[in-house]
Amino acid sequence: AAALTGTAKSTWASFLKSIASFNGDLASMTAPPFILGKTSLVEYSAYWTEHPKLFVAPAKETDPEKRALAVLTWFLSTLKQQYSSRSEKLGSEKKPLNPFLGELFLGHWDDEEAGRTELISEQVSHHPPVTAYSIFNEKHGVRLQGYNGQRASFASMTITVKQVGHARLHIDAFDEDYFISLPALHIEGLVYGTPYVELEKSTVIQSSSGYFAKIEYSGKGWVSGKKNSFSATLQKTGSKEILYNIAGQWTDSFTIKKGKTEIDTYSAKANPTTPLTIKPLEEQDPLESRRAWAKVVAAIDKCDYEETGIEKSKIENAQRELRKKEKAEGTVWERRYFSTIDDLPVVNQLVEAASRWTVSQGLSPLLLDEPAKTNGIWVFDEKKYEDIKSGKKDAELKAAAEKVEEATAH
Ligand SMILES: CCC(=O)OC[C@H](C)CC[C@H]1O[C@H]2C[C@H]3[C@@H]4CC=C5C[C@@H](O)CC[C@]5(C)[C@H]4CC[C@]3(C)[C@H]2[C@@H]1C
């Protein structure tokens with residue numbers, strides 16, 4: 001990307017100085033106009049399933065080992081979308097819009113083979129920011145749910161982000177669960193004004209069928225020398241035998257080896273993503289992200305940063321007003337699709353099993369993230385979903401939307 005020049009260069013320099021003293025909450029930072037993104041973080045859940053065929057593939061594998069490999073392959077295919085699609089489309093990472101409490105992102109992918117895969121993403125916490133999501137394909141009985149927040153720190157001109165939360169895949173046909181931990185990342189290229197994500201350290205996938213995958217990330221100048229690199233292994237939990245070795249670049253292609261024999265390769269280029277379908281803005285609920293941020297996005301498109309600030313403040317002031325009212329009434333904002341639970345037994349033993357590996361590598365044991373870090377352990381609430389689908393909650397939804405619209409209007 002072209003190096004920064006003129007005012008952009010000076011605003012970026014002062015921005016970097018401000019990051020040096022930031023408090024860890026990325027969302028609270030005011031970034032220079034050219035780095036402002038037009039996408040809310042609540043939309044990022046969609047990156048998990050832009051390849052519906054790969055998402056449902058495990059449901060067709062009757063052999064548990066091959067099914068675990070299909071899950072690992074799907075997970076690896078999501079990394080490019082999650083962590084580099086904005087740089088590819090926009091030339092660099094951008095600062096996401098900071099979702100307000102209750103902000104929704106709803107959509108689906110239609111694929112001739114996979115059928116319909118539905119996406120529900122909701123900002124379930126604003127302080128700290130936490131996004132929860134549920135993505136499911138009824139035809140193949142494959143469901144992903146999870147939640148995540150970010151803890152950022154800054155050192156030697158690099159922003160390091162640790163993700164809190166986890167993802168969990170369930171395959172109905174085999175009543176199988178996969179615990180998926182989230183990669184830590186750091187932002188490179190800040191000093192040139194073209195920030196991009198590099199993944200680091202390792203993550204694991206632990207299945208209830210007794211398969212364990214670990215993925216170790218490395219970047220340019222590290223062992224592998226190439227940026228966005230990884231190497232992964234799949235083994236039976238507790239066994240030393242490596243069943244499969246997978247290695248390559250998560251932004252490009254990777255090969256799958258059984259022993260010394262290469263049995264498959266995956267290339268992002270050969271796997272185009274399926275577009276997400278969402279409702280036209282006028283049909284969206286006022287809490288849906290693209291409708292809620294439409295005026296801010298329009299102002300950014302016009303490069304009218306004063307108007308951007310005004311429209312953003314309207315949304316932020318409305319949120320402060322709603323929180324104040326709830327405090328006065330002793331109520332809390334009703335999360336539309338998610339609830340918190342005290343414990344997640346189905347995941348605990350997976351986390352415990354996966355921790356045996358992380359501890360054996362001298363890493364810290366995996367935790368199901370202390371609830372305090374994310375204002376609770378968030379799970380998709382099927383009952384809430386059914387009540388909404390049946391229309392039972394129409395009045396409540398309408399009232400919630402009116403509250404937000406009324407608070408934003410003035
Ligand atoms: C205030 C700091 C700032 O604006 O710095 C300017 C730069 C844009 C760099 C910081 C931003 O970089 C973005 C990258 C974002 C992550 C990308 C992908 C994911 C995966 C997804 O499943 C969950 C969210 C996550 C972790 C994003 C979190 C927010 C990140 C780090 C943005 C930074 C503010």
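Use the structure listed above.
### Some points on the nonpolar core
If you look at soluble globular proteins, the nonpolar side chains tend to sit buried side by side. Residues Trp 48, Trp 74, Phe 75, Leu 144, Leu 169 and Ile 246 are the most contacted members of the largest nonpolar core, which totals 63 residues. Here the element with the most residues in this core is helix α3 (residues 64–90); it accounts for nine residues. In this view, Leu 144 contacts Trp 48, Phe 55, Trp 74, Tyr 133, Ser 134, Ile 135, Ala 167, Arg 168, Leu 169 and Ile 180; residues no more than four positions away in its chain are not counted. Core analysis: the next-biggest nonpolar cluster, separate from the first, contains 42 residues, Leu 36, Leu 97, Leu 287 and Trp 293 among them.

### So, the environment of His 127
Here His 127 lies in the loop between β4 (115–125) and β5 (130–137). Judged by relative accessible area, His 127 falls into the exposed class, the value being 63%. Between the C-alpha atom of His 127 and that of Ser 77, which follows or precedes it by 50 residues, the distance is 31 Å.

### Remarks on empty space enclosed by the protein
If you walk through the whole model with that rule in mind, you get three cavities of 30 Å³ or more. Approximately 50 Å³ is the volume found for the largest cavity. For the lining of the largest cavity, the secondary structure elements donating two or more residues are β1 (36–40), α3 and β2 (95–97). Sorting elements by how many residues they give to the lining of the largest cavity places β1 first, with three residues. Taken together, the residues that form the lining of the largest cavity break down as three nonpolar, two polar and four charged.

### Examining the pattern of salt bridges
Tallied over the full model, the rule gives 27 salt bridges. The closest approach of N and O atoms between Arg 290 and Glu 43, which form a salt bridge, is 2.7 Å. You can see Arg 290 sitting in helix α4 (residues 289–292) and its partner Glu 43 sitting in the loop between β1 and α2 (52–56), a full 247 residues away along the chain. On the accessibility criterion, Glu 43 (11% relative accessible area) is buried.

### As for the site of the ligand
Taken together, 20 residues lie around the ligand, and Leu 26, Met 29, Gln 82, Tyr 83 and Arg 86 are the ones closest in. At 2.7 Å from an oxygen atom of the ligand is found a side-chain nitrogen or oxygen belonging to Gln 82. Counting residues per element, the ones that place at least two in the shell around the ligand are α3, β2, β6 (142–155), β7 (158–171) and β9 (184–188). Top element by residues in the shell around the ligand is α3. It accounts for three residues.

### Section: the packing of helix α6 (residues 305–329) against helix α9 (residues 394–409)
Relative to each other, α6 and α9 sit at 120°, their axes nearing to 8 Å. Taken together, the axes of α6 and α9 are oblique relative to one another. The handedness of the crossing between α6 and α9 comes out as right-handed. Only Lys 403, Val 404, Glu 406, Ala 407 and Thr 408 of α9 make contact with α6, whose side of the interface consists of Lys 314, Ile 315, Ala 318, Glu 321, Leu 322 and Lys 325. Of the residues in the contact of α6 with α9, the class split is five nonpolar, one polar and five charged.

### Some words on the layout of surface pockets
In this structure, the largest pocket occupies an estimated 980 Å³ of space. Only α1 (6–20), α3, β2, β5, β6, β7 and β9 provide two or more residues apiece to the lining of the largest pocket. By residue number, the principal contributor to the lining of the largest pocket is β6, which donates five residues. A per-class count over the lining of the largest pocket returns 28 nonpolar, ten polar and seven charged. Estimated volume of the second largest pocket: approximately 750 Å³. Counting only elements with at least two residues in the lining of the second largest pocket, the list comes to β2 and α6. Considering each element in turn, the lining of the second largest pocket owes the most residues, nine residues, to α6. For the lining of the second largest pocket, the residue count by class is 13 nonpolar, ten polar and seven charged.

### Thoughts on unusual backbone geometry
Here the bond from His 127 into Pro 128 is cis, since omega is -5°, no more than 30 degrees from zero. Locating Pro 128 in the fold gives a position in the loop between β4 and β5. A positive phi is found at Cys 303, a non-glycine position, where the angle reads about 55°. Following the sequence through the fold, Cys 303 ends up in the loop between α5 (294–301) and α6. Positive phi is not limited to glycine here, since Asn 375 has a value of about 55°. Here Asn 375 is to be found in the loop between α7 (345–360) and β18 (377–380).

Definitions and cut-offs
Residues numbered from 1 in each chain as written. Predicted model: local features only at pLDDT ≥ 70, side-chain atom pairs only at ≥ 80, totals over all residues. Heavy atoms only, no water. Core = buried A, V, L, I, M, F, W, Y, C linked by side-chain atoms within 4.5 Å. Buried < 20%, exposed > 50% of the residue type's maximum accessible area, 1.4 Å probe, protein only. Helix = DSSP H or I, 4+ residues; strand = E, 2+ residues; numbered from the N terminus. Contact = heavy atoms within 4.5 Å. 1 Å grid on protein atoms, 1.4 Å probe; cavity = no way out; pocket = protein on both sides within 12 Å on 5 of 7 lines; lining within 4 Å. Points joined across faces, edges and corners; volume = space filled by probe spheres on them. Nonpolar A, V, L, I, M, F, W, Y, C, P; charged D, E, K, R; others polar. Salt bridge = Lys/Arg side-chain N within 4 Å of Asp/Glu carboxyl O. Near = heavy atom within 4 Å. Polar contact = N/O pair within 3.5 Å; in protein donor to acceptor, adjacent residues only side chain to side chain. Axes fitted to C-alpha atoms, helices over the stretch in contact; angles between N-to-C directions. Parallel < 35°, antiparallel > 145°, perpendicular 65-115°, else oblique. Left-handed = near helix turned anticlockwise from the far one by under 90°.

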